[in-house]
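Secondary and tertiary structure notes
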Amino acid sequence: MKPAPFDYLAAKSISEAVEALAASGGDGKIIAGGQSLMPMINFRLVKPTILVDINRIGGLDRIEKHDDRLRIGATVRHHMTATDVLVFEHLPILQDAMHHVAHLTVRNRGTFCGSVCHADPAAEMPMMTLLLNGTITAWSVRGERQIAASDFFLGSLVNALEPDEFVTSIEIDTLKPDTGWGFEEFSRRQGDFALACAATTLRIEDGVARSVRFALMGVGETPLRLAAIEEIIDGKTVSESLLDQVSEALNDFLQPNTDLHASADYRRHLAGALARRALRDAWKRADLRKGKTDD
Amino acid sequence: MSHNDHSVELRPKLVGERVKRTEDPRFLTGVGRYVDDMSPAGMLHVALRRSDQPHARIIGIDVGEAFSVPGVVAIYDASDLDKDVKPAIPTSRMPGYYATPIWPLARGKVRYVGEPVVAIVAESRYAAEDALEHINIEYEPLPFAIRQVDAVKDDAPLLHEEAGTNTIIRREFKRGDVDTAFENAPVTVKGRFRMTRKTAVAMENRSYLAEWDQRKQSLTLHTSSGSPGIIRDVLSGCLDLPGTRLRVIAPDVGGSFGAKGSLYSEEMLVCILARKLARPVKYVSDRLEDLSGTSQAFDELIEAELAVTQDGTLIGLRADVIGDVGAYSIYPWTAALETVQVVSFLPGPYRMEHYRGRIRGVLTPKPPTGPYRGVGRPSSTFAMERLIEMAARKIGMDPVEFRRRNLVRAEEFPYRTASGIIWDKSAFQECLQGACDFVDYPNLVRERDAARKAGRWVGIGLASYAELTGIGSRISVAPGMPINTGTETSRIEIDATGAITAAFGLSSHGQGLETTLAQVIVDELGCKLEDIEVKHGDSSLVPMSSGTYASRSAVLGGGAATLAARVVKAKVLRAAAYLMEQSIEDLDIYDGIIASRNSNQTLTLKEVASAVYTQMGRIPRDQREDLTASETYDPYLGTACSSTHLTMVEVDTETYGVRILRYVVAEDCGKIINPMIVDGQVHGAVAQGIGAALLEEIVHDDQGQVVTASLADYLVPVATSVPNIGIVHIEADLPNNVGGFRGMGEGGTIGAPAAVANAVSDALSHLGVSVETLPVTPERIFQMLRDTNTPRSANST
Ligand SMILES: Cc1cc2nc3c(=O)[nH]c(=O)nc-3n(C[C@H](O)[C@H](O)[C@H](O)COP(=O)(O)OP(=O)(O)OC[C@H]3O[C@@H](n4cnc5c(N)ncnc54)[C@H](O)[C@@H]3O)c2cc1C
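Worth saying up front: this structure is predicted, and the values here are computed from it rather than measured.

1. Here's the deal with the overall build of chain A
Of the regular secondary structure elements, chain A holds 12 helices and 14 strands. Taken over C-alpha atoms, the radius of gyration comes to 19 Å for chain A, in line with the 19 Å a tight globule of 295 residues would show. Counting only C-alpha atoms, chain A reaches 60 × 50 × 35 Å along its principal axes. For chain A, buried positions account for 58% of its 295 residues.

2. Regarding the sheet that holds strand β3 (residues 72–76) of chain B
All names here are of chain B. With mixed pairing, seven strands are arranged side by side in an open sheet as β3-β5-β1-β12-β9-β10-β11. Only two strands of the sheet have a single partner each, and these edge strands are β3 and β11 (246–249). Adjacent strand axes in the sheet meet at a mean angle of 20 degrees, parallel and antiparallel pairs treated alike. Note: strand β1 (residues 44–50) against strand β12 (residues 281–284), two bridges, orientation parallel.

3. Brief notes about the site of the ligand
All names here are of chain A. Around the ligand sit 31 residues, and of these Ile30, Gly34, His78, Thr111 and Glu124 come closest. Lys29 is positioned with one of its side-chain polar atoms (N or O) 3.3 Å from an oxygen atom of the ligand. Taking Ser115, its main chain carries an N or O atom lying 3.4 Å from an oxygen atom of the ligand. Protein chains shield 89% of the accessible area of the ligand, which is 970 Å² for the free molecule. Counting residues per element, the ones that place at least two in the shell around the ligand are β2 (28–31), α7 (112–118), α8 (124–131) and β10 (166–173). Looking at side-chain class alone, the shell around the ligand contains 15 nonpolar, 12 polar and four charged residues.

4. A closer look at the domain arrangement of chain A
Each assigned domain of chain A is listed with its residue range as follows: domain 1 (7–53), domain 2 (63–173) and domain 3 (180–294). Relative placement of domain 1 of chain A and domain 3 of chain A: their C-alpha centres are 36 Å apart.

5. So, the side chain of B:Ser426
Residue and element names in this part refer to chain B. Structurally, Ser426 is set in the loop between β17 (422–423) and α12 (428–439). For Ser426, the side chain forms a polar contact with the side chain of Asp668, separated by 3.0 Å. Residues contacting Ser426, with those up to four places away along its chain left out, are Phe413, Ala640, Cys641, Ser642, Asp668 and Arg742.

6. As for the environment of A:Val101
Residues and elements named next belong to chain A. Mapped onto the elements of the fold, Val101 is located in the loop between α5 (92–98) and α6 (104–109). With 105 residues separating them in the primary sequence, Val101 and Asp206 have C-alpha atoms 36 Å apart. Excluding residues that lie within four positions of it along the chain, Val101 makes contacts with His78, Arg107, Glu124, Met125 and Gly191.

7. Overview of helix α18 (residues 747–763) of chain B
Along its 17 residues, α18(B) runs 25 Å from first to last C-alpha, staying within 8% of the 24 Å computed at 1.5 Å per residue. In terms of residue burial, α18(B) counts as a mostly covered element, since 17 of its 17 residues are buried.

8. Quick look at a nonpolar patch on the surface
Residues A:Phe43, A:Leu45 and B:Leu288 make up a contiguous nonpolar surface patch of roughly 270 Å² in combined accessible area. Tracing the chain through its elements places A:Phe43 in the loop between α2 (37–42) and β3 (50–53).

9. Digging into the packing of helix α15 (residues 553–580) of chain B against helix α16 (residues 605–613) of chain B
Residues and elements named next belong to chain B. Packing of α15 against α16 brings their axes to within 10 Å, and their N-to-C directions diverge by 80 degrees. Between α15 and α16, the angle falls in the class roughly perpendicular. In contact with Val572, Ala575, Ala576 and Leu579 of α15, α16 contributes Leu605, Val608, Ala611 and Val612. Taken together, the residues of the contact of α15 with α16 break down into eight nonpolar, no polar and no charged.

10. As for the pattern of salt bridges
Pairing between side chains of opposite charge can happen when their charged atoms approach one another. Residue and element names in this part refer to chain B. According to the stated counting rule, one finds 84 salt bridges over all chains in the structure shown. The closest approach of N and O atoms between Asp252 and Arg26, which form a salt bridge, is 2.7 Å. With Asp252 in the loop between β11 and α7 (265–277) and Arg26 in helix α1 (residues 24–28), the pair connects residues that are 226 residues apart, well separated along the chain. Judged by relative accessible area, which is 9%, Asp252 ranks as buried. Its salt-bridge partner being Glu625, residue Arg574 comes within 2.7 Å of it at the nearest N-O pair. Taken together, the residues span a long stretch of sequence, with Arg574 in helix α15 and Glu625 in the loop between α16 and β25 (628–633) at a distance of 51 residues. A relative accessible area of 42% places Arg574 in the partly exposed class. Taking relative accessible area as the criterion, Glu625 reaches 24% and is therefore assigned partly exposed. Taken together, the salt bridges that share partners define one network made up of Arg50, Arg125, Glu129, Arg206, Glu266, Asp286 and Glu289.

11. Some words on the packing of aromatic side chains
According to the stated counting rule, one finds 14 aromatic pairs over all chains in the structure shown. A centroid spacing of 5.1 Å and a plane angle of 75 degrees characterise the contact between B:Phe298 and B:Tyr372, whose relative ring orientation is edge-to-face. On the criterion of sequence distance, the pair formed by B:Phe298 in strand β13 (residues 296–308) and B:Tyr372 in the loop between β15 (354–363) and α10 (377–395) is long-range, its members being 74 residues apart. Note on B:Phe298: relative accessible area 1%, which makes it buried. Members of the aromatic cluster, joined through ring pairs, are A:Tyr266, B:Trp457, B:Tyr656 and B:Phe782. Above the ring of B:Trp103, the side-chain terminus of B:Arg107 is found at 3.6 Å from the ring centroid.

12. Examining the state of the cysteines
All chains considered together, the criterion is met by zero disulfides over all chains. Of the cysteine sulfurs around A:Cys113, a residue in no disulfide, the closest is that of A:Cys117, at 6.5 Å.

13. Brief notes about the domain arrangement of chain B
When the parts of a complex come together, some accessible area is lost, and that lost area is often taken as the interface size. All names here are of chain B. When the domains of chain B are assigned, the result is domain 1 (35–142 + 205–253 + 260–293), domain 2 (375–473 + 636–785) and domain 3 (487–633). On a C-alpha basis, the centres of domain 1 and domain 2 stand 38 Å from each other. With seven residues of domain 1 at the interface, the matching set in domain 2 holds 10 residues. Taken together, the two surfaces of domain 1 and domain 2 that pack against each other cover about 620 Å², and 68% of this comes from carbon and sulfur. Here domain 1 and domain 2 share zero salt bridges between them. At the surface where domain 1 touches domain 2, the tally comes to one residue pair in polar contact (both at pLDDT 80 or more).

14. Points about empty space enclosed by the protein
Residue and element names in this part refer to chain B. Summed over the entire model, instances satisfying the criterion amount to seven cavities of 30 Å³ or more. Its volume calculated, the largest cavity comes out at about 70 Å³. Lining the largest cavity are 14 residues, and of these Tyr465, Glu667, Met744, Gly747 and Gly748 lie nearest its centre. Of all elements in the fold, only β26 (639–651), β27 (658–668), α17 (675–695) and α18 reach the threshold of two or more residues within the lining of the largest cavity. With four residues, the top contributor of residues to the lining of the largest cavity is β26.

Parameters and conventions
- Residues numbered from 1 in each chain as written.
- Chains lettered and ligands numbered in written order.
- Predicted model: local features only at pLDDT ≥ 70, side-chain atom pairs only at ≥ 80, totals over all residues.
- Heavy atoms only, no water.
- Helix = DSSP H or I, 4+ residues; strand = E, 2+ residues; numbered from the N terminus.
- Rg over C-alpha atoms; globule rule 2.2 N^0.38 Å.
- Buried < 20%, exposed > 50% of the residue type's maximum accessible area, 1.4 Å probe, protein only.
- Pairing = 2+ DSSP bridges.
- Axes fitted to C-alpha atoms, helices over the stretch in contact; angles between N-to-C directions.
- Near = heavy atom within 4 Å.
- Polar contact = N/O pair within 3.5 Å; in protein donor to acceptor, adjacent residues only side chain to side chain.
- Areas by Shrake-Rupley, 256 points an atom, 1.4 Å probe, with all protein chains shown as cover.
- Nonpolar A, V, L, I, M, F, W, Y, C, P; charged D, E, K, R; others polar.
- Domains from an automatic or database assignment.
- Contact = heavy atoms within 4.5 Å.
- Expected span 1.5 Å × (residues − 1).
- Patch = residues over 30% accessible without salt bridge, like charges linked within 9 Å, V, L, I, M, F, W, Y side chains within 5 Å.
- Salt bridge = Lys/Arg side-chain N within 4 Å of Asp/Glu carboxyl O.
- Parallel < 35°, antiparallel > 145°, perpendicular 65-115°, else oblique.
- Phe/Tyr/Trp six-rings, centres within 6.5 Å; stacked < 30°, edge-to-face > 60°.
- Lys NZ or Arg CZ within 6 Å of the ring centre and 35° of its normal.
- Disulfide = S-S within 2.5 Å.
- Buried area = accessible area lost by both parts, 1.4 Å probe.
- 1 Å grid on protein atoms, 1.4 Å probe; cavity = no way out; pocket = protein on both sides within 12 Å on 5 of 7 lines; lining within 4 Å.
- Points joined across faces, edges and corners; volume = space filled by probe spheres on them.

Structure below.
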């Protein structure tokens, strides 16, 4: 379990990093926390010719709030996201989600942006980026471009980046003070990748749910943002019969994988159960937070 | 306390104290020294090309450009090594058995995915792995039966043609007339229990380093083994080297759980290569190799049936077991070790007249099974304890009461079980009671019932078992095996500086033996703890040792240490009596000081040692004796260690995740040398048992590929999987051996799978399903519930 030979560059700036990537002709890889990449190169599943280390590039280790969006830099570690004050105040659902991510040692190294780039269909941060209308900022020798989260996840471990692009930050929505949220995940052990997970946010207006966001992970090739489910809930009271409707709808169109840990049928069952729990929580929280505004 | 105080019995003893482990400072500060920490000058590294075929003939091996990789020194396949080694043969006197020869590399055929085929030796492991990519092996795939139910059939493809069968183990135990007993039995229950394949996952992977001394023509093997003595003895034959030119050392070893107690191909390989190349050669298994090449565990299918009376008395038990032993019979334990113990321990700690237990051990294209903490008994206890609770449920009796009626009682010891095991005497009943008292069982039942009323799926499960530990020469640990598992030797020497060396052939790889054996010696010899250096894990220390396994080291090592310490103490006192001009009966030694009843005169151990060794003529020549002793202990029989585990679990009604709410172990391990270490052993073993119950499973797919090839797929318990564990120590009548110790290293692994399976079954009882396969994963619960729901709803329409 030793990697094939590779070159290594500790980039000092964004431009140095993107130039090295361009020069490698598509065979170079960025290394951020290394928590997904290292196992893959040790198993020789990938054999990059050069690793471009971005950890020494200044200014990327910040979480900042711009209007009602949070911007998360490329070297922000999971531990920071999980304990950040802005996240605590404005994105409690993300804080919930981060508690399910791996173990302390992994959280001290792994990065939010690295996780999104890795695009594991059962990882929390890709799903949260999708749920929260994320925008991915990517740099290359050609300059900067923005990619919407909805266009970013193409398949299991496949993203929309060109091989020479470097994600410098990701922006996601914060939650309005009157927004309720629910995050429900099930995994075999604490910190494992999810067998299934549901995340949702909604507000209550005139006794019905509005601004509904709903996403799932672990039950498809990519994280799923499900507009069809959002439509079912929008404008309704979250009641047990509505939840029945949601799990029936999920049952009809989810096509999860069967793997060692869970069959497709069990995953479908789990998705329904977790969706119900998450929606109940979101409704309850929205009810408690009703009428709250930024002041 | 003055030295004239002769209330010797009141002096504090170390046995029984929570003495901090003397090995911990080096482990905790990162200065432990494992095989991988050693890098002698000129050392070479080995990487192995392993089979990707479950069963195939090797047609050709092409090394391609492998030699062009910088640093590659040599490449070998089996044919290159034929003249360098004789195979190890795991012989047994068992009728019908076939001993599969063990070679360093696959010869002619491969028999499991992961079997070593080609060895590349290079200046670094990186270079060796780079070169591996150039190796091309052409195989002719052969038919195979990957599941034991298929491999056992008469027309199944044979893995070892020479054996003429895949079924290399057959054994039956019986007593009474079991079939008639069943015909007349008022109540019977039966199940088809499956304990799936596990592996030990020691934190340190297997690691070997061989050094050839060209000058002395001798070999030293540093190995992460639990049994360096066994490895020395077998390699002596394989390599044709006498013990004087072959030394096997197990330095610090990071856990074994049984899996490092057998001979491995890679262990032979590094020795051969070091001798061939006259350079040190190291092989360190990585985790991928560990999960596909280290011996595995269990893998039994147990069809068992229990007959009881309406008032809850056991009548008889019959069982048919197929054990999947993998591709080879492991050395020295053989494939009978795990399999035969399933049926010999199946009747458990219960009184029962009629029994028949049959086992067939079959070869399949998987890594060999071998010793794993608990050996056989985790499986047998799982099946038996499930049957016990099924029977209790059927006759409407509380499972605690049911056990109370059938566990062997104090006055019935020694009790001979239906399979012939003798339980000397142990606190069977007291452990059951102890566990129940600890949790306030009647109250716990009320708690469970209240939770159920509220719609939660909560259940209580128990497991009672006994195991045979500290086995002496009367019986072999594995039936018919060619090695001596019945004795251990301790050599104690006080040197000229007054320091004490206590040497054992045993190895300590997590058990804390450096501390506990020293505690025993302190009490026997009267010295200070810090004056003792316990040496272990080195074949040159004593003439013969089979190592640490089967819950034997405290009993056999502690016994040998006691005997040797007594001899040394007598020598010390004889010398002191001369020096102090006192009668020997008036002397005693405590805390390293020899004092006399009749005077204020004292001598330290150091002074006595100096007088004996250094001060020429101080003791007359004909009275002078070295302060040394070497004693061997053979407990002859074994002693029972018994326990009851009790747990309460909750199954999530929607996700089917299992959470352990309460856990208690009540156990009798005889005299406790160090309660802290015993607690640690119980905690660790219960964690491992919880792994077997809920998480761990080695899976081979129908193509014979292992699909649990990383720790993301082979799930071991993590901190959050393990609850607080209450421990009740019951020191009942001490066993009749030197020291009164019972072995206790394995117990937790034996009880936990059964207790958890029973608790989950109890939690799901209202749904008409129960646990027959471990681990009981959320997926399995989902499938069980779906399978029972489908026909039920069909009936109702
Ligand atoms: C034991 C264990 C448990 C884990 N459990 C979980 C879990 O429960 N949930 C979870 O979400 N994750 C889990 N992970 C994964 C962990 O979160 C990783 O850290 C994360 O997926 C990748 O982030 P990284 O910074 O380590 O990326 P790396 O490993 O450094 O990189 C991953 C991939 O992304 C690319 N990449 C990284 N950064 C950038 C960038 N800025 N621009 C472009 N490409 C980039 C790399 O080239 C590589 O292909 C676990 C990991 C381990 C080892």
